[in-house]
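These are the residues of each chain, in order.
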Number of protein chains: 2
Amino acid sequence: MYLHHHPFCPHSRFVRLLLAEYGLEPELVEERVWERRPGLLALNPAGDTPVIVEAMAESVPGASIIAEYLDETRGLALGPHRLLPEDPAGRVEVRRLTSWFHEKMYVEATEPLVRERIHKRYMSRDQGGGPPDATSLRMARANLRYHLKYIGWLAKARKWLAGERLSQADLAAAAHLSVADYLGDVPWEEDEHARDWYARIKSRPTFRALLTESIPGMPPSKTYADLDF
Amino acid sequence: MYLHHHPFCPHSRFVRLLLAEYGLEPELVEERVWERRPGLLALNPAGDTPVIVEAMAESVPGASIIAEYLDETRGLALGPHRLLPEDPAGRVEVRRLTSWFHEKMYVEATEPLVRERIHKRYMSRDQGGGPPDATSLRMARANLRYHLKYIGWLAKARKWLAGERLSQADLAAAAHLSVADYLGDVPWEEDEHARDWYARIKSRPTFRALLTESIPGMPPSKTYADLDF
């Protein structure tokens, strides 16, 4: 199995966490989506990451579609650790939260953070590169604070974000937070419930690979790889 | 079953088509999402339409989540007319196209068309109301042309957009096009394959309810309800 990804694309990170929970180890192919590589466009006409490729389905593009595909082809094998519950209402809640993080939190917080602070370093001027835009960053950080509170509110009421069991929703929230945490942009001191939940998920062996990642010339925040942050 | 919707929200129209294919007739509750009604926020913290409510799952928010929910709770009963195929690769393709229309076509074309030409008529100045923005409209129309070509390209190569069978992908594309068609913004003469496919789907009895809809003071385009447009 191949995973076409970018190390700081939160949707790609979600899929890496997901694959690790399934015990799958894909070959990683790094993509810079702003270069619009024809090989990536052939796998996914939308031109973005993540995409997985394996014999069974040629190419599976997009975080949510990959999550459904893995559940349908391998979910039963996880037994009680399946990442989507069996009951309809439970599935609705996991999908609702997963899409909340992948769409709302992404657009409002993690996409602008990653774009302004990471991607623009690698883009040419024509591609939209340049110094980070201070207004975008300020808004993204304000929004992140509000998403962190929501995560804390869920973590206080429930064992895991969508209920009694670890689910796709936890992996989605953690993937987005991990990117912001690398950049030192998560105000952990503002929400102990969110922090305790993140400490639990970050300590899982499946998280280890993400914590060793780093960008040349831009080391992670002090707390990034620290399990007792 | 209740469906909280807006008559010109393409995602709501998709769910209405979907429910009709399942033979379900929900009670319709009209929502103006820009008013942020507390009752709607309680059903869907994201505050948008569509949301379905029934005993089995309390509330099911969002077009894609509703589609998965209906397939899981009632898909088998449709037998050979099931709107998601059984094979993993077929499901990936249906979901890929459905999300293409719901996300990409929506953001690039139908959302700005509906916002500028319909919603802004009902919004106060504080809510963002006012005359349509000409630049947004021009871009949305240019993008719609490109989405129509993609639909035509799929319709030429396949019987239905995702393969041999009518699927969620057809209903999604048709829901978005139907809104633009009401406004007279679809350049049908530019793609006969897209037009022939749309004529087929528009002739289904499940489409009838949408074709009788109208906005006071803003009648539909001449071709909107015409099955031989």
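Residues numbered from 1 in each chain as written. Chains lettered and ligands numbered in written order. Predicted model: local features only at pLDDT ≥ 70, side-chain atom pairs only at ≥ 80, totals over all residues. Heavy atoms only, no water.

(A) Highlighting the overall build of chain A. Each helix and strand counted, chain A has eight helices and four strands in total. Counted from the first residue to the last, chain A has its helices and strands arranged as β-α-β-α-β-β-α-α-α-α-α-α. By principal-axis analysis of the C-alpha atoms, chain A measures approximately 50 × 45 × 30 Å. Counting all 229 residues of chain A, 55% fall into the buried class. Approximately 10,200 Å² of chain A is accessible, and the part contributed by carbon and sulfur atoms is 53%. Positive and negative charge centroids in chain A, built from 30 and 33 side chains respectively, lie 4 Å apart. (Helix = DSSP H or I, 4+ residues; strand = E, 2+ residues; numbered from the N terminus. Buried < 20%, exposed > 50% of the residue type's maximum accessible area, 1.4 Å probe, protein only. Areas by Shrake-Rupley, 256 points an atom, 1.4 Å probe, with all protein chains shown as cover. Lys, Arg positive; Asp, Glu negative; His and termini not counted. Charge placed at Lys NZ, Arg CZ, Asp CG, Glu CD.)

(B) Representation of the packing of helix α5 (residues 134–157) of chain B against helix α6 (residues 168–182) of chain B within the structure. Residues and elements named next belong to chain B. Two elements in contact, α5 and α6, have axes separated by 12 Å at closest approach and are oriented at 140°. With respect to each other, α5 and α6 are oriented oblique. Considering the relative orientation of α5 and α6, their crossing is left-handed. Residues Leu144, Leu148 and Ile151 of α5 pack against Ala173, Leu177 and Ala180 of α6. (Axes fitted to C-alpha atoms, helices over the stretch in contact; angles between N-to-C directions. Parallel < 35°, antiparallel > 145°, perpendicular 65-115°, else oblique. Left-handed = near helix turned anticlockwise from the far one by under 90°. Contact = heavy atoms within 4.5 Å.)

(C) Unusual backbone geometry, seen in detail. Residue and element names in this part refer to chain A. In this model, Thr49 is joined to Pro50 through a cis peptide bond whose omega is -5°. The residue Pro50 is located in the loop between α2 (38–43) and β3 (51–53) in this model. Phi at Arg36 takes a positive value of approximately 50°, unusual for a residue other than glycine.

(D) View of the domain arrangement of chain A. Residues and elements named next belong to chain A. Domain assignment breaks chain A into domain 1 (2–81) and domain 2 (88–211). Look at where the C-alpha atoms of domain 1 and domain 2 centre, and you get two points 18 Å apart. Of all residues in domain 1, Phe8, Leu17 and Trp34 give up the largest surface area on contact with domain 2, accounting jointly for 30% of the area buried on that side. Here domain 1 is connected to domain 2 by three salt bridges. Linking Arg204 and Glu21 is a salt bridge whose minimum nitrogen-to-oxygen distance equals 2.8 Å. Between domain 1 and domain 2 we count seven residue pairs in polar contact (both at pLDDT 80 or more) in total. Going through the elements one at a time, α1 (10–21) and α3 (63–74) are the ones with two or more residues in the side of domain 1 that touches domain 2. If one sorts the elements of the side of domain 1 that touches domain 2 by residue count, α1 sits on top with nine residues. (Domains from an automatic or database assignment. Buried area = accessible area lost by both parts, 1.4 Å probe. Salt bridge = Lys/Arg side-chain N within 4 Å of Asp/Glu carboxyl O. Polar contact = N/O pair within 3.5 Å; in protein donor to acceptor, adjacent residues only side chain to side chain.)

(E) Molecular detail of the environment of Gly129 of chain A. Examined against the element boundaries, Gly129 of chain A turns out to sit in the loop between α4 (88–122) and α5 (134–157). With eleven residues separating them in the primary sequence, Gly129 of chain A and Ile118 of chain A have C-alpha atoms 9.9 Å apart.

(F) Spotlight on the UniProt feature "domain: GST N-terminal" (unreviewed entry) in chain A. According to UniProt, the positions carrying the feature "domain: GST N-terminal" (unreviewed entry) are residues 1–78 of chain A. For residues 1–78 of chain A, the end-to-end C-alpha separation is 19 Å, with 38% helix and 17% strand making up the annotated structure. (UniProt positions renumbered as here; feature names shortened; annotations may be inferred.)

(G) Local environment of the nonpolar core. Residue and element names in this part refer to chain A. Counting 67 residues, the largest nonpolar core has Phe14, Ile52, Phe101, Ile151, Leu177, Trp197 and Tyr198 as its most contacted members. Secondary structure elements with two or more residues in this core: α1, α3, α4, α5, α6 (168–182), α7 (192–202) and α8 (208–211). Composition of this core by domain shows at least three residues from each of domain 1 (2–81) and domain 2 (88–211). (Core = buried A, V, L, I, M, F, W, Y, C linked by side-chain atoms within 4.5 Å.)

(H) How the structure looks around the packing of helix α1 (residues 10–21) of chain B against helix α3 (residues 63–74) of chain B. Residues and elements named next belong to chain B. Running from amino to carboxyl end, α1 crosses α3 at an angle of 15°, the nearest separation of the two axes being 9 Å. Judged by the angle between their axes, α1 and α3 are roughly parallel. Judged by the sense of rotation from one axis to the other, the crossing of α1 with α3 is right-handed. Here His11, Phe14, Val15, Leu18 and Leu19 of α1 lie close against α3, whose contacting residues are Ala63, Ile66, Ala67 and Leu70. Partitioned by chemical class, the residues of the contact of α1 with α3 number eight nonpolar, one polar and no charged. (Nonpolar A, V, L, I, M, F, W, Y, C, P; charged D, E, K, R; others polar.)

(I) Structural detail: the interface of chain A and chain B. The interface of chain A with chain B comprises 23 residues on the first partner and 23 residues on the second. Summed over both partners, the interface of chain A with chain B buries about 1,700 Å², with 71% contributed by carbon and sulfur atoms. Considering only the surface of chain A that becomes buried against chain B, Ile65, Val92 and Arg95 of chain A emerge as the three largest contributors, covering 28% of it. In this structure, the connection of chain A to chain B is made through four residue pairs in polar contact (both at pLDDT 80 or more).

(J) Inspection of the UniProt feature "domain: GST C-terminal" (unreviewed entry) in chain A at higher detail. Taken from the UniProt record, the annotation "domain: GST C-terminal" (unreviewed entry) applies to residues 87–220 of chain A. As a span, residues 87–220 of chain A carries 66% helix and 0% strand, and end to end its C-alpha atoms are 40 Å apart.

(K) Representation of the pairing of strand β3 (residues 51–54) of chain B. Residue and element names in this part refer to chain B. Pairing of strand β1 (residues 2–5) with β3 involves three bridges; the strand directions are antiparallel. Each residue of the ladder has a partner; that of His4, found in β3, is Val51. By the bridge criterion, four bridges tie β3 to strand β4 (residues 58–61) in an arrangement that is antiparallel. Across the sheet, the residue bridging to Val51 is Pro61, located in β4. Hairpin connection from β3 to β4: three residues lie between these consecutive antiparallel strands. (Pairing = 2+ DSSP bridges.)

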